[in-house]
Each structure stands twice: as C-alpha cells, then as structure tokens.
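Architecture and fold: a report
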Amino acid sequence: MKLSYVLQRIVLTIFIFAVVMTLNFFIPRLGVEDPAERYYPPQGNMSDVEYNIIKQYTREQYDLNGSTWEQYVKYVAKLMKGDLGNSFKSGSPKVSDLIAERIPWTLVLSVSTMLVGLIFGLLFGAFAAWKRGRWPDLLLLNASTFTTALPSFFIALILTLVLGFELEWFPAYTDSNMVATFDWSWDAIANVAYNAALPVMSTAFGSIVGYAQTTRNSVISVSNEDFILTARSKGLSNSKVLYKHTLRNALLPIVTSFGMSVSGLIGGSTVIEKIFNWNGMGTLFLEANNTNDYPLMMGIMLFMSAFALVANLVTDLCYSLLDPRVTVGGERR
C-alpha cells in the first residue's frame, strides 16, 4: 500500500467531514430566523422588553448573535479547539460531557451485538457453505428471509412480550438506577449484562444472519479456486480446508461488512434504546430533538458522522492491506 493512497484517503475523509460539518450547521437553521426563540418561547406573563433581554442573553451565551455566517465562523473556530458548545439543558453542561456520559452505554449494546454477530455468523456461515444445499444452508436462507421481513424493533417487541412480561426471564425495561449506581463491581457488571440481554438479543439475531449470509457466499465463491483444490488433493481434512484455507481467503467481503457495522456503532441502536429505555446516545439525541436543543443535536450528529468517517477510512486501508489488487481511479495501490 503506497503512502500516496493513504494520504488520498485521509484528504478525502477530511473533505467529506468539512461538508458534513457545514451541513450540520446550516440544516437545523433552515426556516428559523432566531434559534433562541425555540429555547425561550414567549411567556404570557413576560413583557416584550424582558423577553428581548432574555433572548439577547441567550444569543450571547450560545454564540447565536450576529449573522448566520458569523455564527458559522465561530462554530468552526470552536470545533478546531475541540469545543462542541454547551447544551440548552439546565446548567448549560458541555455537549462533549453529555456525549461522554452516554457513549459507554451505547457501546455496551452495539459492541456486544457486533461481536456476537461476527463470531457466530462466521462459524455458521462457513458451516452452511460446507453443507451447501442441506439443512444448515436452507436454515440460513430462511432466516435471511425472516430477518428481512421482520425489523429488529419488531423482534424486540416480541422478545419483550415473551421473555420480559410473560416468562419474566429478563427485565422488559432497563433499570433506571443502573447508570447512576454503576461502580465496576462484579454485581454492577452482572446487572448491566442482565439488563442488556434483551436489547442485544433483539439486534444480534439479524447481525448473525447478515454475517453468516456474507460468509456463506464468500466461502462458496472461494471454494472453487485452484489453491483450494490443491489443498484437498493433499488429503487435508474438510474442516482444515474450510477454516484454515477457504475462510481465511474469503475475508474481504466480511471485512467490508464489519467496517460498515463499526461505522454504525454509535447511532445504529436508537430505536432499540428507546424501546428498552436504555440511556445511550440514541435516547440522548431524541431528548435533544424533543427539546429543540440545537447545540446538543449538532454535537451528536457531528460526533456520529466523524466516527463513521474514521471507521470507513480504517476499513478502506485494511481492505487494501488484505488485497493488494485494490485499485483507485484505475491505478493499482
């Protein structure tokens, strides 16, 4: 992999981030002359003078005074210092602090789902390819149809009804004291795992099927290559040929799928978090949207976009390392 290719991908990522940052600033302001009016709506017992004083104070506090372009310049200058601004919440907490509080809880769900899906998806996908046309393969194809027809939030509702309310094996809603009382003790960790069981199961099923389907198709396409036929002719066992040679060389589509999953780690579980009342980034964004908290909405969207862009950049670079045949613009990198 040439240094020029790495630099090209980094420059392109920075350019895309600049575009996203600009859209992130201007889109929430479409059709809104004064964002401060949404933060401080007119009160019946407030005079016009008092209302204008409050709005002016709010504009100065949150850099909403001046023209839109002047606000944009201030916004970019603060971002270059790593400052996402202050939320409209009581006490005006920093947006970065609010995001930092919620990220670990979103990662508990998303990383758990991704790891479960990747491990079981790889194993079962390779097994289904090995048993092509038999019951494992047919089971995977039917499961793929099932997950396409039923989204994860519908599966979550079914699991909540059956395992949460009927059988009471797991809590249907997250313990409201879990976040505040977490102290890294074994009891606290076990409580988090217990509360995360249903949310993870709701999304892991689709993740397992998705990885398994990708693995199956990739393994089948590689299994007819000459080096696989050579390995078989040497008398190697089927399992050794499958997991040591075939699966190893079928990883490229799986790496792409994994990279896409990583890019959606932060914002991909909003609906699931809402169903189970899980205090993650998704519920934080919904709270900001419901209260018209401009700085918080913009900070969350920008953070999610930056995370996705970095994940895609790393995936591209890993892909080119795994396959030197990757080309960009007709040139081999």
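None of the values given here were measured: they were computed from a predicted structure.

**What about the nonpolar core?**
Among soluble globular proteins, nonpolar side chains are generally buried collectively. The biggest cluster of nonpolar side chains holds 11 residues, and these are Val-95, Leu-98, Ile-99, Ile-103, Met-281, Leu-284, Ala-288, Leu-296, Met-297, Ile-300 and Met-304. Elements that contribute at least two residues to this core include exactly α5 (95–130), α14 (281–290) and α15 (294–322). Here Val-95 is in contact with Leu-84, Gly-85, Asn-86, Ser-87, Pro-295, Leu-296 and Gly-299, once residues within four sequence places are set aside.

**Some remarks on the packing of aromatic side chains**
Within the structure shown, the criterion is met by 15 aromatic pairs. Taking the centre distance of 5.3 Å and the plane angle of 35° together, the rings of Phe-26 and Tyr-72 count as tilted. Of this pair, Phe-26 sits in helix α1 (residues 3–26) while Tyr-72 sits in helix α4 (residues 68–80); the two residues are 46 residues apart in sequence, bridging distant segments of the chain. Its relative accessible area of 15% is what places Tyr-72 among the buried residues. Centre to centre, the rings of Phe-182 and Trp-184 are 5.0 Å apart; their planes meet at 70°, and the pair counts as edge-to-face. The exposed category is assigned to Trp-184, whose relative accessible area is 69%. The lysine or arginine in question, Lys-131, covers the ring of Trp-130, its NZ or CZ lying 4.8 Å from the ring centre.

**What to know about the side chain of Ser-202**
Within the element layout of this structure, Ser-202 appears in helix α9 (residues 186–222). The class of Ser-202 is buried, set by a relative accessible area of 1%. Engagement of the side chain of Ser-202 in a polar contact is seen with the backbone oxygen of Leu-198, the distance being 2.7 Å. Discounting chain neighbours no more than four positions away, the residues touching Ser-202 are Ser-152, Ile-155, Ala-156, Leu-159, Ile-272 and Phe-276.

**Brief notes about the pattern of salt bridges**
By the definition in use, this model includes 4 salt bridges. The closest approach of N and O atoms between Lys-89 and Glu-287, which form a salt bridge, is 3.7 Å. With Lys-89 in the loop between α4 and α5 and Glu-287 in helix α14, the pair connects residues that are 198 residues apart, well separated along the chain. On the basis of relative accessible area, Lys-89 is assigned to the partly exposed category, the value being 30%. Among the ionic pairs, Glu-287 bridges to Arg-102, the shortest N-O distance being 3.5 Å. Taken together, the residues span a long stretch of sequence, with Glu-287 in helix α14 and Arg-102 in helix α5 at a distance of 185 residues. For Glu-287, a relative accessible area of 29% translates into the label partly exposed. A residue is classified by how much of its surface remains accessible, and Arg-102, at 14% relative accessible area, is buried. One connected set of salt bridges, linked through shared partners, spans Lys-89, Arg-102 and Glu-287.

Conventions we followed
- Each chain has its residues counted from 1, running along the sequence as written.
- With the structure being a predicted model, the display of local features is reserved for residues of pLDDT at least 70 and the display and counting of side-chain atom pairs for 80 or more, all residues being used for whole-chain, interface and lining totals.
- Excluding hydrogens and water, the side-chain figures rest on all heavy atoms present in the structure.
- Note on terminology: a nonpolar core comprises buried Ala, Val, Leu, Ile, Met, Phe, Trp, Tyr and Cys residues joined through side-chain atoms within 4.5 Å.
- Here's how the labels work: a residue is buried when its accessible area is under 20% of the maximum for its type, exposed when over 50%, partly exposed in between, all with a 1.4 Å probe on protein chains only.
- To qualify as a helix, a DSSP run of H or I must reach at least 4 residues; to qualify as a strand, a run of E must reach at least 2; elements of each kind are numbered from the N terminus.
- The contact definition used throughout considers only heavy atoms, calling two residues in contact when any of these lie within 4.5 Å.
- Aromatic rings from Phe, Tyr and Trp, taking only the six-membered ring of Trp, are treated as a pair when their centres fall within 6.5 Å; an angle between ring planes under 30 degrees marks them as stacked, one over 60 as edge-to-face, and anything in between as tilted.
- Distance and angle both matter: a charge sits over a ring if NZ of Lys or CZ of Arg is within 6 Å of the ring centre and within 35 degrees of the ring normal.
- N or O atoms closer than or at 3.5 Å make up a polar contact, with two conditions inside protein: a donor-capable atom paired with an acceptor-capable one, and, for residues adjacent in sequence, both atoms drawn from side chains.
- We count a salt bridge whenever a side-chain nitrogen from Lys or Arg sits within 4 Å of a carboxyl oxygen from Asp or Glu.

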